[in-house]
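Topology and contacts: notes
Given next are the chains, with one letter for each unit.
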Amino acid sequence: ETDNSIPPHWTPITSGTIKEKLKTYKSKGIERIKLYRALEASDMQAVIKAADELDIRYYAHTDNNVVTITEAMIFGGRDFEHLFTVIPSALSYRKEMAVMFESLGLDGINSADEYSASLVLMFDYIDRNAEFKSNLNRVFDRMASQNASISTTLNVLASAASRSSFYCTFEPMDGKT
């Protein structure tokens, strides 16, 4: 009997099981996958190679300072998830998030909504720093020259601007429930 069930949304894989896992996905009719942000460079490179060989389209999350968009593009990546994934190609979250928060007088992040809003503010922070702005422009230039795509995450931007509640996580942001 054939198992036609759809695999779970998120399935951990190792470099030794990547090709087999993707073959299983392909046999179930899966044509697109998302490469999550915690993949190390060697694993991302292996997934991209295997996905290309199997004609599976992939969308890379590169927003955790593990692999940048520039690095993923060297591996052959062309499609990226969420506009925010460009930020680590311009600066290091680990080094700059606290500096940005201090410069804006922010206390920290208390919810996923506040985290997303802080990423919107990060673009302004990048724009005010010549080195970061240059880094970001180089990433966009490279993406354009290689016909790369990126989702805009408009729902998050609209939510941060109080123009949409679509992204709402229902987490308390001001101590109220």
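Our subject is the structure that appears above.
Described below are features of the structure shown in this document. (Residues numbered from 1 in each chain as written. Predicted model: local features only at pLDDT ≥ 70, side-chain atom pairs only at ≥ 80, totals over all residues. Heavy atoms only, no water.)

1. Description of the overall build of the chain
In terms of regular secondary structure, the chain is built from eight helices and four strands. Start at the N end of the chain and walk to the C end: the helices and strands fall as α-β-α-β-α-β-α-α-α-α-β-α. Per-residue burial over the chain gives 37% buried out of 177 residues. Nonlocal contacts in the chain, meaning residues at least 24 apart in sequence, comprise 64% of its contacts between residues at least 6 apart. (Helix = DSSP H or I, 4+ residues; strand = E, 2+ residues; numbered from the N terminus. Buried < 20%, exposed > 50% of the residue type's maximum accessible area, 1.4 Å probe, protein only. Contact = heavy atoms within 4.5 Å.)

2. With respect to the side chain of His 61
Mapping His 61 onto the fold places it in the loop between strand 2 (57–60) and helix 3 (69–74). Assessed through its relative accessible area of 9%, His 61 is described here as buried. Polar side-chain contacts of His 61 include one of 3.4 Å to the side chain of Lys 34. Sequence-distant contacts of His 61, defined by excluding residues within four places in its chain, comprise Lys 34, Leu 35, Tyr 36, Arg 37, Met 44, Glu 81, His 82 and Thr 85. (Polar contact = N/O pair within 3.5 Å; in protein donor to acceptor, adjacent residues only side chain to side chain.)

3. A word on the pairing of strand 1 (residues 32–35)
Residues Ile 33 and Leu 35 point to one face of strand 1 and are all buried, whereas Arg 32 and Lys 34, pointing to the other face, are not buried. Sheet analysis places strand 1 next to strand 2, joined by four bridges and oriented parallel. Bridge pairing in strand 2 links Arg 32 to Arg 57. Each parallel crossover has a hand, and for strand 1 linked through helix 2 (residues 41–54) to strand 2 it is right-handed. (Pairing = 2+ DSSP bridges. Right-handed = clockwise from strand over helix to strand, strands pointing away.)

4. A word on the nonpolar core
Ranked by internal contacts, the top residues of the largest apolar core, which has 40 residues, are Leu 22, Ile 33, Leu 35, Ile 87 and Met 122. Considering every element that reaches this core, the biggest residue donor is helix 2, with six residues. Residue contacts for Leu 22: discarding those within four places in its chain leaves Ile 33, Val 47, Ala 50, Ala 51, Leu 54 and Ile 56. (Core = buried A, V, L, I, M, F, W, Y, C linked by side-chain atoms within 4.5 Å.)

5. Observations regarding the pattern of salt bridges
Evaluated as defined, the whole model comprises eight salt bridges. In this structure, Glu 53 engages Lys 49 in a salt bridge whose closest nitrogen and oxygen atoms are separated by 3.5 Å. You can see Glu 53 and its partner Lys 49 sitting in helix 2, four residues apart, about one turn around the helix. For Glu 53, a relative accessible area of 45% puts it in the partly exposed group. A relative accessible area of 55% places Lys 49 in the exposed class. Through salt bridges that share partners, Lys 19, Lys 49 and Glu 53 make up one connected network. (Salt bridge = Lys/Arg side-chain N within 4 Å of Asp/Glu carboxyl O.)

6. Looking at the packing of aromatic side chains
If you walk through the whole model with that rule in mind, you get two aromatic pairs. Measuring from centroid to centroid gives 6.3 Å for Phe 84 and Phe 123, while their planes differ by 35 degrees, and the two rings are tilted. Taken together, the residues Phe 84 in the loop between strand 3 (79–80) and helix 4 (87–90) and Phe 123 in helix 6 (residues 112–127) connect sequence positions 39 residues apart. This pair shows no difference in class: Phe 84 is buried, exactly as Phe 123 is. (Phe/Tyr/Trp six-rings, centres within 6.5 Å; stacked < 30°, edge-to-face > 60°.)

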